[in-house]
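# Structure assessment
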Amino acid sequence: MKDTPQRTQLDVDWQTWLARWDVQQSGYLPDREARFDAMFDVLDYLMPEQWTALDLASGPGCISQRLLARYPNARCIAIDYDPLLLAIGQGAMGDVGGRLRWFEADLAAVDLVDMLGEGKIDAVLSTTALHWLPGASLWRVFAQLGKVVRPGGVFLNGDNMDFANHLPTFQKMTKARYEQQQTESFKKNGIEDWEQWWKAVKQVPGLEALAAEREARFGHRKSEENRPNYDTHKVMLQNAGFSEVDTIWQHRDNRILLGVR
Ligand SMILES: C[S@@+](CC[C@H](N)C(=O)[O-])C[C@H]1O[C@@H](n2cnc3c(N)ncnc32)[C@H](O)[C@@H]1O
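Residues numbered from 1 in each chain as written. Predicted model: local features only at pLDDT ≥ 70, side-chain atom pairs only at ≥ 80, totals over all residues. Heavy atoms only, no water.

### A word on helix α7 (residues 168-188)
Between its terminal C-alpha atoms α7 stretches 29 Å, which fits the 30 Å expected from 21 residues at 1.5 Å a residue. Every buried residue of α7 is accounted for by Thr174, Gln181, Gln182, Ser185 and Phe186. Summarising the axial view, the buried residues of α7 lie within an arc of 110°, below the 170-degree limit, and thus occupy one face. Opposite the buried face of α7, by more than 90 degrees, sit the exposed residues Thr169, Lys172, Met173, Lys187 and Lys188. Looking at the buried side of α7, the elements it contacts are α1 (14-28). Looking one or two residues past α7, glycine 190 carries a phi angle of roughly 70°, positive in sign. (Helix = DSSP H or I, 4+ residues; strand = E, 2+ residues; numbered from the N terminus. Expected span 1.5 Å × (residues − 1). Buried < 20%, exposed > 50% of the residue type's maximum accessible area, 1.4 Å probe, protein only. Arc of directions from axis to C-beta. Contact = heavy atoms within 4.5 Å.)

Structure follows, in structure tokens:
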């Protein structure tokens, strides 16, 4: 397993960019912190004294940061494919006294079992990320999670998971409410949105090369339009060997799906 390169010697105010990331993300998800806390409620109950977590599609490591602060005996591995977000996380947090490792890998291509080893991970957490993966990649990633998570360990996925097509009223109401909430966040409250944040960070002196690399990796990708819905998420996890799978927290289509291995 090869750790991601250190790019943090650049003279960038990493803390400020991490804080701006959190604000931008909370514009889309006003209950983002409540969702992190609900994930940790599960870990409070199920994790042993010392344990290892995987922050999947970590971005700048928002889960890792909160998790390592809350659990002083835990270790965390953060994986993402965006070199710029990883640099912000590494710059702002470093390795948290050797408890945090950063990996740069494309989840659509990496073999997590080779990378991490079977049964080595106690808890996998992911937020607002896996909807970026096409369905076929998600099936593959979940199958790998079934192998890297030890029996009794957990997978916690916090993301918007669409209601199924036989629930059109649920779908329409969720979409309408989401649009209304975004207008409130970005127009009324003046929170920086995704495009504005990226435009600003790409102009930071020293970050041009990382921004170009990100563009090369992600420019052609977009959030999946035909993404697997909630029911499919459940089936994928059951198929991967998670014996208990269900929603443990929910606000409309924004859920935490918990799988117990
Ligand atoms: C909206 S961000 C969420 C980041 C973080 N989990 C959070 O909640 O703030 C989505 C993340 O998914 C990552 N991502 C998308 N596709 C990926 C892939 N194929 N491999 C690894 N990471 C990926 C992006 O780079 C980005 O960091």
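### Some details on the side chain of arginine 217
Turning to its location among the elements, arginine 217 is positioned in helix α9 (residues 208-218). At a separation of 2.7 Å, a polar atom in the side chain of arginine 217 contacts the side chain of glutamate 104. In this view, arginine 217 contacts Tyr81, Pro83 and Glu104; residues no more than four positions away in its chain are not counted. (Polar contact = N/O pair within 3.5 Å; in protein donor to acceptor, adjacent residues only side chain to side chain.)

### Some points on the environment of aspartate 95
On the secondary structure map, aspartate 95 appears in the loop between α4 (83-93) and β3 (100-104). Its relative accessible area of 43% is what places aspartate 95 among the partly exposed residues. Residues aspartate 95 and isoleucine 77, 18 residues apart in the sequence, show an inter-C-alpha distance of 9.9 Å.

### Some thoughts on helix α8 (residues 194-202)
Those residues of α8 that fall on the buried side of the exposure criterion are Trp197, Trp198, Ala200 and Val201. Buried residues along α8 cover an arc of 165° about the axis, so they all sit on one side. Residues Glu195 and Lys199 are exposed on α8 and point more than 90 degrees away from its buried face. Where the residues of α8 are buried, they touch α1, α4 and α9.

### Here's the deal with the pairing of strand β6 (residues 244-251)
Consecutive residues of a regular strand have side chains that alternate between opposite faces of the sheet. Note that β6 and strand β7 (residues 254-260) share seven bridges and pair antiparallel. The residue of β7 that forms the bridge with glutamine 250 is arginine 255. Taking the residues that link successive antiparallel strands as the turn, the β6-β7 hairpin has two residues, and the phi of arginine 252 there is positive, at about 50°. (Pairing = 2+ DSSP bridges.)

### Digging into the site of the ligand
Neighbouring residues of the ligand: 22 residues in total, closest Arg32, Asp80, Asp106, Leu107 and Thr127. Between the ligand and alanine 57, the relevant distance is 3.2 Å, taken from a nitrogen atom to a main-chain nitrogen or oxygen of the residue. Aspartate 80 is positioned with one of its side-chain polar atoms (N or O) 2.6 Å from an oxygen atom of the ligand. Tallied by class, residues from the shell around the ligand come to 12 nonpolar, five polar and five charged. (Near = heavy atom within 4 Å. Nonpolar A, V, L, I, M, F, W, Y, C, P; charged D, E, K, R; others polar.)

### Side note on the pattern of salt bridges
Any two side chains of opposite charge can pair, given that their charged atoms come close. Taken as a whole and assessed by the stated rule, the structure comprises 15 salt bridges. In this structure, lysine 234 engages aspartate 246 in a salt bridge whose closest nitrogen and oxygen atoms are separated by 3.7 Å. Here aspartate 246 lies in strand β6 and lysine 234 lies in helix α10 (residues 230-239), a separation of 12 residues in the sequence. Residue aspartate 246 is classed as partly exposed on the basis of its relative accessible area, which comes to 41%. (Salt bridge = Lys/Arg side-chain N within 4 Å of Asp/Glu carboxyl O.)

### Considerations on the packing of aromatic side chains
What the rule picks out here adds up to 14 aromatic pairs. A centroid spacing of 5.9 Å and a plane angle of 65° characterise the contact between tyrosine 81 and phenylalanine 218, whose relative ring orientation is edge-to-face. Of this pair, tyrosine 81 sits in the loop between β2 (74-80) and α4 while phenylalanine 218 sits in helix α9, and the two are 137 residues apart along the sequence. Of the residues examined, tyrosine 81 reaches a relative accessible area of 23% and is grouped as partly exposed. A residue is classified by how much of its surface remains accessible, and phenylalanine 218, at 15% relative accessible area, is buried. Among the aromatic residues, ring-to-ring pairing joins Trp17, Trp21, Tyr81, Trp132, Trp194, Trp197, Trp198 and Phe218 into one connected group. When the ring centre of tyrosine 81 is taken as reference, the NZ or CZ atom of arginine 217 above it lies at 4.5 Å. Positioned above the aromatic ring of tyrosine 230 is the side chain of arginine 255, whose terminal nitrogen or guanidinium carbon lies 3.5 Å from the ring centre. (Phe/Tyr/Trp six-rings, centres within 6.5 Å; stacked < 30°, edge-to-face > 60°. Lys NZ or Arg CZ within 6 Å of the ring centre and 35° of its normal.)

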